[in-house]
Amino acid sequence: MGEIIQASERIFLSLIVGAYVVTIAMITGGVVLVALGATGHTELTLFGQTTQSASVGIAAFFIGAVMAVMLIRSTLHALSSLARREAPLAFRRDTPAGRKRR
């Protein structure tokens, strides 16, 4: 994508992969807990909304799903803003289209 992404590629990918692993673990853990029949009064407050559940697995699955949606949106937003900051190929001097013509 460009110089900015290449400079921070390792850190960026490590953060993204780590966040997706945690999200998948939350969703998988929620499904396992629902299958095992784990119960317990759970009350979640996310973004000002309060949700109550009698199953811990459903709460874990819900948290994982919210994390997945927010993570996908933030990843796409970050890539979009980085792509906007890069100069188009025609204006970059390191490409054939950007070199001065004589």
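Residues numbered from 1 in each chain as written. Predicted model: local features only at pLDDT ≥ 70, side-chain atom pairs only at ≥ 80, totals over all residues. Heavy atoms only, no water.

Draft legend 1. Examining the overall build of the protein more closely. When helices and strands are tallied, the protein shows three helices and two strands. Scanning the protein from its N terminus toward the C terminus, one meets helices and strands in the order α-α-β-β-α. A burial count over the protein gives 22% of its 102 residues as buried. Long-range contacts, defined here as pairs at least 24 residues apart, represent 48% of the contacts in the protein between residues at least 6 apart. For the protein, the exposed surface amounts to about 7,800 Å²; the carbon and sulfur share of it is 66%. (Helix = DSSP H or I, 4+ residues; strand = E, 2+ residues; numbered from the N terminus. Buried < 20%, exposed > 50% of the residue type's maximum accessible area, 1.4 Å probe, protein only. Contact = heavy atoms within 4.5 Å. Areas by Shrake-Rupley, 256 points an atom, 1.4 Å probe, with all protein chains shown as cover.)

Draft legend 2. Here's a closer look at the pairing of strand E2 (residues 49–55). Where strand E1 (residues 39–46) and E2 come together, six bridges link them in antiparallel fashion. Paired with Thr45 across the strands is Thr50, a residue of E2. A loop of two residues connects E1 with E2, the two strands running antiparallel in sequence, and Phe47 in this loop sits at a positive phi of about 55°. (Pairing = 2+ DSSP bridges.)

Draft legend 3. Spatial organisation of the environment of Thr23. Among the secondary structure elements, Thr23 is positioned in helix H2 (residues 9–36). For Thr23 and Ala60, which are 37 residues apart along the polypeptide, the C-alpha to C-alpha distance reads 10.0 Å. With residues up to four places along the chain from it excluded, the contact list for Thr23 reads Gly64, Met67, Ala68 and Leu71.

Draft legend 4. Expanded view of the confidence of the model for the protein. When pLDDT is averaged along the protein, the result is 80, and 78% of the positions lie at 70 or above. At the level of individual helices and strands, the protein shows its lowest average pLDDT in helix H1 (residues 3–7), which scores 69, and its highest in H2, which scores 89. (pLDDT = per-residue confidence, 0-100.)

Draft legend 5. Looking closely at the side chain of Thr42. For Thr42, the position within the fold is in strand E1. Residue class for Thr42 comes out buried when judged on its relative accessible area of 15%. Beyond its immediate stretch of four places on either side in the chain, Thr42 contacts Thr51, Gln52, Ser53, Ser55, Val56 and Ala59.

Draft legend 6. Structural view of the side chain of Ser55. With respect to the element layout, Ser55 can be found in strand E2. Polar side-chain contacts of Ser55 include one of 3.5 Å to the backbone nitrogen of Ile58. When sequence neighbours within four positions are dropped, the list of residues in contact with Ser55 reads Val34, Ala38, Thr39, Gly40 and Thr42. (Polar contact = N/O pair within 3.5 Å; in protein donor to acceptor, adjacent residues only side chain to side chain.)

Draft legend 7. Representation of H2. For H2, which comprises 28 residues, the first-to-last C-alpha distance of 40 Å matches the rise-based estimate of 40 Å (1.5 Å per residue) to within 8%. What H2 keeps buried is the set Ile16, Thr23 and Gly30. (Expected span 1.5 Å × (residues − 1).)

Draft legend 8. Geometry of the environment of Thr51. Note on placement: Thr51 falls in strand E2. For Thr51, a relative accessible area of 36% translates into the label partly exposed. Between the C-alpha atom of Thr51 and that of Phe62, which follows or precedes it by 11 residues, the distance is 9.9 Å.

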